[in-house]
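# Descriptive structure summary
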Amino acid sequence: MSHTLLLVDDEVKVLEFMEPFLRQEGFLTLTARTGTEALRIAKERKPDLVVLDWMLPEMSGITVCQELRKMGRTGIIMVTARAEETDKIIGLEVGADDYITKPFSLRELAARIRSVLRRMDGQDSAEEILKRGELTISEAQYRVWKRGEEMTLTPTQFKLLLTLASKPGIVYSRLQLLRSLLEDDILNDERTVDAHISHIRRKIEDDPASPVYIQTVYGFGYRFGDRL
């Protein structure tokens, strides 16, 4: 079955650049030129993945991304001319699965789309529940509970937590964790991992300054506590 993509950009030329190629690649495509239109179409047609421009009329791509996340598990790739690391972190923090900077090749875009869809399709496999101390982690549902209360993590934060929690006691370098996030080197600054870990700790640790779950291995990276 072909996957349906929603392409969102206010420039007609960009849509005309992407749409024919992605159709040739076997995808079904929908298009929108504003954030409002994108949300309406997403609600009505429920695309498998949204290719979302950062700068849009009426509302920003970031706002659209946040609203899409409330609708359910739709893949989101942010597309923007902004290349600063902080922008990439913001995009991932609000729920984007990947990030591509203009100008980009159509083959690269198609490869990133397929990568996100593969990861999403993997979520439909048999349910796997991890019990780690007072945490319960559902890999299939992308959900985390602590003492029965659900913790709200972004997809990026969840991937990091799952990577660490899957192998307690194993030390991961920042580069290994970076690669586990997106399967490629979209982000090449390892400090990005530190920022995400800080956000996760604030959500799951009783005392983020003295973490029990995600522990720092100074000079190398992080590990998940193995004595919980």
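Right above here is the structure, for reference.
If you're wondering where the values come from, they're calculated on a predicted model, not measured in any experiment. (Residues numbered from 1 in each chain as written. Predicted model: local features only at pLDDT ≥ 70, side-chain atom pairs only at ≥ 80, totals over all residues. Heavy atoms only, no water.)

### Some details on the packing of helix α2 (residues 35–45) against helix α3 (residues 61–71)
Helix-helix packing is described using two parameters, namely the angle between the two axes and the distance between the axes. Heads up, the condition is: In this analysis an axis means a line fitted to C-alpha atoms, helices contributing only their contacting stretch, and an angle means the value between N-to-C directions, from 0 to 180 degrees. In this description a helix means any DSSP run of H or I spanning at least four residues, a strand means any run of E spanning at least two, and both kinds are numbered starting from the N terminus. Working definition: roughly parallel below 35 degrees, roughly antiparallel above 145 degrees, roughly perpendicular at 65 to 115 degrees, and oblique for all remaining angles. Note: crossing handedness is left-handed where the near helix turns anticlockwise from the far helix by less than a right angle, and right-handed where it turns clockwise. Throughout, a contact is declared for two residues whenever any of their heavy atoms are within 4.5 Å. Classification used: nonpolar for Ala, Val, Leu, Ile, Met, Phe, Trp, Tyr, Cys and Pro, charged for Asp, Glu, Lys and Arg, polar for all others including Gly.
For the pair α2 and α3, the least separation of the axes is 10 Å and the interaxial angle reads 15°. Considering the angle they form, α2 stands roughly parallel to α3. The chirality of how α2 crosses α3 is right-handed. The segment α2 lies against α3, with Gly 35, Ala 38, Leu 39, Ala 42 and Lys 43 engaging Val 64, Glu 67, Leu 68 and Met 71. For the contact of α2 with α3, the class distribution of residues is 6 nonpolar, 1 polar and 2 charged.

### Some remarks on helix α6 (residues 155–165)
In plain terms, the rule: The cut-offs for exposure are 20% and 50% of the maximum accessible area for each residue type, with area from a 1.4 Å probe on protein chains only; residues under the lower value are buried, those over the upper are exposed, and the others partly exposed.
Counted residue by residue, α6 has 11 buried out of 11 residues, so it is predominantly covered. Three or more residues of α6 are buried, namely Pro 155, Thr 156, Gln 157, Phe 158, Lys 159, Leu 160, Leu 161, Leu 162, Thr 163, Leu 164 and Ala 165.

### Concerning the sheet that holds strand β1 (residues 4–8)
Where we set the bar: Should DSSP find at least two bridges between two strands, the strands are regarded as paired.
Here we have 5 strands laid out as an open sheet, ordered β2-β1-β3-β4-β5, and parallel in their pairing. The open sheet has two free edges, formed respectively by β2 (28–32) and β5 (98–101), since each of these has just one partner strand. Shown here is a sheet whose adjacent strand axes are inclined to one another by a mean of 20°, direction ignored. As paired elements, β1 and β2 share 5 bridges and run parallel to each other. What sits directly across from Leu 6, in β2, is Leu 30.

### Regarding the packing of α6 against helix α8 (residues 191–204)
Relative to each other, α6 and α8 sit at 80°, their axes nearing to 10 Å. Our classification of the angle between α6 and α8 gives roughly perpendicular. Between α6, through Thr 156, Gln 157, Leu 160, Leu 161 and Leu 164, and α8, the contact on the second element is made entirely by His 196, Ile 197, His 199, Ile 200, Lys 203 and Ile 204. Among the residues making up the contact of α6 with α8, the classes are represented as 6 nonpolar, 4 polar and 1 charged.

### Section: the sheet that holds strand β9 (residues 149–151)
In spatial order, the strands read β6-β7-β8-β9; together these 4 strands make up an open sheet with antiparallel pairing. A strand with exactly one partner marks an edge of an open sheet, and here the two such strands are β6 (129–132) and β9. Going across the sheet, the axis of each strand differs from the next one's by a mean of 25°, ignoring polarity. Direction of pairing for strand β8 (residues 143–146) relative to β9: antiparallel, over a ladder of 3 bridges. Within β9, the residue paired with Trp 145 across the bridge is Glu 150. α6 rests against β6, β7 (135–138) and β8 of the sheet, and its axis sits at about 110° to β7.

### Focus on the packing of aromatic side chains
To keep it simple, the criterion reads: Each Phe, Tyr or Trp ring (for Trp, its six-membered ring) is paired with any other whose centre lies within 6.5 Å, and the angle between the two planes then decides the class: stacked below 30 degrees, edge-to-face above 60, tilted in between.
One pass over the structure, following the stated rule, counts 2 aromatic pairs. Relative to Phe 224, the ring of Tyr 213 lies with its centre 5.8 Å away and its plane at 45°, an arrangement referred to as tilted. Residue Tyr 213 is located in the loop between α8 and β11 (214–217), and its partner Phe 224 is located in strand β12 (residues 221–224); the two are separated by 11 residues in the primary sequence. A relative accessible area of 5% means that Tyr 213 is categorised as buried.

### Side note on empty space enclosed by the protein
The test is simple: With a 1 Å grid laid over protein atoms only, a set of points is called a cavity when a 1.4 Å probe fits there but cannot get out and a pocket when it is open yet has protein on both sides within 12 Å along at least five of seven lines; lining residues have an atom within 4 Å of a point. Grid points are joined across faces, edges and corners, and a volume is the space filled by probe spheres set on the points.
Throughout the structure, instances matching the rule amount to 1 cavity of 30 Å³ or more. If you add up the space inside the largest cavity, you get close to 30 Å³. Lining the largest cavity are Val 8, Asp 9, Val 14, Met 18, Val 51, Leu 52, Asp 53, Val 79 and Phe 104. Those elements giving two or more residues to the lining of the largest cavity turn out to be α1 (12–24) and β3 (49–53). Take the lining of the largest cavity: its biggest share by element is 3 residues, from β3. Its residues assigned to classes, the lining of the largest cavity shows 7 nonpolar, no polar and 2 charged.

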